[in-house]
Amino acid sequence: MSPLIGVIREKKIYEEVMMAEKDTMRDAIVDAAVAIGARTSWEAVRLYDVAAELDISLEDIRSYFREKEDLVDAWFDRADGVMLKQAEVADFIELAPQQRIHCLIMAWLDALAAQRKVTRQMILAKMEPGHIHIQVPAVMRISRTVQWIREAAQRDATFLRRALEESVLTTIYLMTFFFWMRDESPGSSHTRRFLDRNLSLAMWVGQAVYGEEKPSATRTPPHQIYLPAHVPTKEPIPK
């Protein structure tokens, strides 16, 4: 092996190690902030407390996050990542469109479930009057997650149908998110049924307007499909 190739490999290994360390510190900052929020409240979280918790400086935090609000984005980015991994589960793509979307949205919510109270406080803080500088980026963030849901579910509508589909999916996603924030049922079972009902209605309307979607020629028979844990069940809904 030539000396040049050795230098290139060493540089690549060094860059990979540095990137891993950067991701680790970024995650540690988010985790520390959320933990402080769980002990007190998200409103009470201060970046100097996060720095003290991790024994780092504010300048260290600033190299990862420009402001406290960026921690919220990172928290939801983490949920996006968990959701996209759900699409890699065996036979996921063989599920019906409604089941795919249901799996993805519930995977996103489940990623946040351990800190439901803090997550709720993050959202309520964004909704306070006068926080336009926070609310506009929040709308963009919602749109980004919805786009990832559509990509992971492999929705391929175009033009007007795509626009309508995005609007309906955004509405269902937000309705489910706000319902989930107050749901204390085991495993968020009430949220799962709430989402299932609304997706069923949306799919019914879509079929009435555009006709039934044609299944893939390679689709696995329903009784052979591996169903991830997040697929809605047909258990009766309590009155």
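Everything discussed here concerns the structure shown above.
All of these numbers come straight from a predicted model, not from anything done at the bench.

A. Molecular detail of a nonpolar patch on the surface. On the surface, Phe159, Leu160, Leu164, Leu201, Trp204, Val205, Val209 and Tyr210 cluster together to form a nonpolar patch covering roughly 900 Å² of accessible area. Those elements that place two or more of their residues in the nonpolar patch are helix 8 (159-181) and helix 9 (189-210). Ranked by the residues each element gives to the nonpolar patch, the list is headed by helix 9, at five residues. Mapped onto the elements, leucine 160 comes out in helix 8.

B. Spatial organisation of the layout of surface pockets. The volume enclosed by the second largest pocket comes to roughly 290 Å³. Forming the walls of the second largest pocket are 16 residues, and the residues nearest its centre are Ile123, Lys126, Ala138, Ile142 and Leu174. For the lining of the second largest pocket, the element with the highest residue contribution is helix 7 (residues 132-152), accounting for six residues. By residue class, the composition of the lining of the second largest pocket is 11 nonpolar, two polar and three charged.

Rules used throughout
- Residues numbered from 1 in each chain as written.
- Predicted model: local features only at pLDDT ≥ 70, side-chain atom pairs only at ≥ 80, totals over all residues.
- Heavy atoms only, no water.
- Patch = residues over 30% accessible without salt bridge, like charges linked within 9 Å, V, L, I, M, F, W, Y side chains within 5 Å.
- Areas by Shrake-Rupley, 256 points an atom, 1.4 Å probe, with all protein chains shown as cover.
- Salt bridge = Lys/Arg side-chain N within 4 Å of Asp/Glu carboxyl O.
- Helix = DSSP H or I, 4+ residues; strand = E, 2+ residues; numbered from the N terminus.
- 1 Å grid on protein atoms, 1.4 Å probe; cavity = no way out; pocket = protein on both sides within 12 Å on 5 of 7 lines; lining within 4 Å.
- Points joined across faces, edges and corners; volume = space filled by probe spheres on them.
- Nonpolar A, V, L, I, M, F, W, Y, C, P; charged D, E, K, R; others polar.

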